[in-house]
Amino acid sequence: MILALERKKIKRTGLLPAFLAGALAVSAFPVINMAFRTDLFISQDLPPVDILLNGNWDMAATFHCFLAILGACILYHTEFANRAIEKLYMLPVNQGKVFFCKNLLLLLLFLPVFLIEDFFFLFCAWHWFPGKDPGVEILLRNTAFSLAAILPVLVLSTLIASLAKNMWISLGIGVIGMFLGQMTVSYDALFSKVYTFCLPYRCLTSSARAEDIFQILGICAAETVIFAVIKLFLIKIRRQPV
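Residues numbered from 1 in each chain as written. Predicted model: local features only at pLDDT ≥ 70, side-chain atom pairs only at ≥ 80, totals over all residues. Heavy atoms only, no water.

Visitor: Any chance you could break down the layout of surface pockets for me, citing the residues and the numbers?
Guide: As a volume, the largest pocket reaches approximately 420 Å³. Elements with a contribution of two residues or more to the lining of the largest pocket: α9 (190–194) and α10 (210–237). When its residues are assigned to classes, the lining of the largest pocket shows nine nonpolar, four polar and five charged. (1 Å grid on protein atoms, 1.4 Å probe; cavity = no way out; pocket = protein on both sides within 12 Å on 5 of 7 lines; lining within 4 Å. Points joined across faces, edges and corners; volume = space filled by probe spheres on them. Helix = DSSP H or I, 4+ residues; strand = E, 2+ residues; numbered from the N terminus. Nonpolar A, V, L, I, M, F, W, Y, C, P; charged D, E, K, R; others polar.)

What follows is the structure in structure tokens.
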């Protein structure tokens, strides 16, 4: 019931157009990249899916992080607007469930985003690497992996958005965190491996090792649980739930 209510709320916002525009923008990037740098990509002795993911995933991950931050800000902006969230506190509604349903809704919105991107990746593979396996299975596995990697970013972003009545504050904090992750993701330091906004920059290629995949998934699960517990703790200790 709460999820259905959250779904109705987004009809009055620009959340769906924002996610659609973001999906189309990031999907166009590999096509443009391949068109202008064809020789650089086709000269590599790697499977087409690895070439495409290695060459375009950093930009895609940046869009994913920004969409997660923007989506969280929009969802909670609708709650704070006209003090609607104060009215929500008066209803017999579990605030923890509301928080988790918002995250579930955002996660479900990311699924078509990733599938649209997969379609464009496949187009690039078929067009510029004819006769080679485009790597459909790897792309689908990467989609599942990416959903897991974006989850802690979603939970953290909604946690921040739920604490700030001014949307620009939560948006600014999220963007700063996103750019910090973008600057440190290429390093092998422990910080870059566990920092929440670095996780979406990891992609699953055909050469990925199972131990590395499970390590990242474990980190994603741990951070998601930690942020969720923090939210539940804040709900309990404050007179008015956050």
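Visitor: Please provide a residue-by-residue account of the environment of V49, values included.
Guide: Within the fold, V49 resides in helix α4 (residues 48–80). Between the alpha carbons of V49 and K132 there is a distance of 9.9 Å; along the sequence they are 83 residues apart. In this view, V49 contacts P134, G135, I138 and L139; residues no more than four positions away in its chain are not counted. (Contact = heavy atoms within 4.5 Å.)

Visitor: Let's hear about the nonpolar core: which residues, and what values?
Guide: Buried together is how nonpolar side chains tend to be arranged in soluble globular proteins. In this structure, L15, F19, M34, W57, L106, F110 and F197 are the most contacted members of the largest nonpolar core, which totals 59 residues. For this core, the secondary structure elements donating two or more residues are α2 (15–36), α4, α6 (95–128), α7 (136–163), α8 (167–184) and α10. With 17 residues, the top contributor of residues to this core is α4. The residues touching F19, leaving out its near neighbours within four places in the chain, are L67, G71, L106, L109, F110 and V113. Grouped together as the second largest cluster of nonpolar side chains are eight residues, L204, I213, I219 and C220 included. (Core = buried A, V, L, I, M, F, W, Y, C linked by side-chain atoms within 4.5 Å. Buried < 20%, exposed > 50% of the residue type's maximum accessible area, 1.4 Å probe, protein only.)

Visitor: So what about the packing of α4 against α8? Which residues, and what values?
Guide: Two elements in contact, α4 and α8, have axes separated by 10 Å at closest approach and are oriented at 165°. Relative to α8, the element α4 lies roughly antiparallel. Helix-helix and strand crossings are classified by hand; for α4 and α8 the assignment is right-handed. Counted together, T62, C65, F66, I69, C73, I74 and H77 of α4 and M167, S170, L171, G174, V175, M178 and Q182 of α8 form the full contact between these two elements. (Axes fitted to C-alpha atoms, helices over the stretch in contact; angles between N-to-C directions. Parallel < 35°, antiparallel > 145°, perpendicular 65-115°, else oblique. Left-handed = near helix turned anticlockwise from the far one by under 90°.)

Visitor: I'd like a description of a nonpolar patch on the surface, backed by residues and values.
Guide: Taken together, the side chains of L111, L115, W126, V136 and L140 make up a nonpolar region of the molecular surface, amounting to roughly 460 Å² of accessible area. Element by element, the count of residues in the nonpolar patch is highest for α6, at three residues. Along the polypeptide, L140 turns up in helix α7. (Patch = residues over 30% accessible without salt bridge, like charges linked within 9 Å, V, L, I, M, F, W, Y side chains within 5 Å. Areas by Shrake-Rupley, 256 points an atom, 1.4 Å probe, with all protein chains shown as cover. Salt bridge = Lys/Arg side-chain N within 4 Å of Asp/Glu carboxyl O.)

Visitor: Could you give an account of the packing of α6 against α10, naming the residues involved and the relevant values?
Guide: Direction vectors running N to C along α6 and α10 enclose 150°, while the axes themselves pass 10 Å from each other. Classified by the angle between their axes, α6 and α10 sit roughly antiparallel to one another. When you trace α6 past α10, the crossing you get is right-handed. Where α6 abuts α10, its residues Q95, G96, F99 and F100 lie against A228, K231, L232 and I235. Grouping the amino acids of the contact of α6 with α10 by side-chain chemistry returns five nonpolar, two polar and one charged.

Visitor: Break down the pattern of salt bridges for me, with residues and values.
Guide: Scanning the model with the defined rule gives two salt bridges in all. Between E211 and R209 there is a salt bridge, with the nearest N and O atoms lying 3.9 Å from each other. Its relative accessible area of 48% is what places R209 among the partly exposed residues. As a salt-bridge pair, R209 and D212 come within 2.9 Å of each other at their nearest N and O atoms. Residue D212 is classed as partly exposed on the basis of its relative accessible area of 28%.

As far as function goes, none of this settles anything; it's purely spatial.
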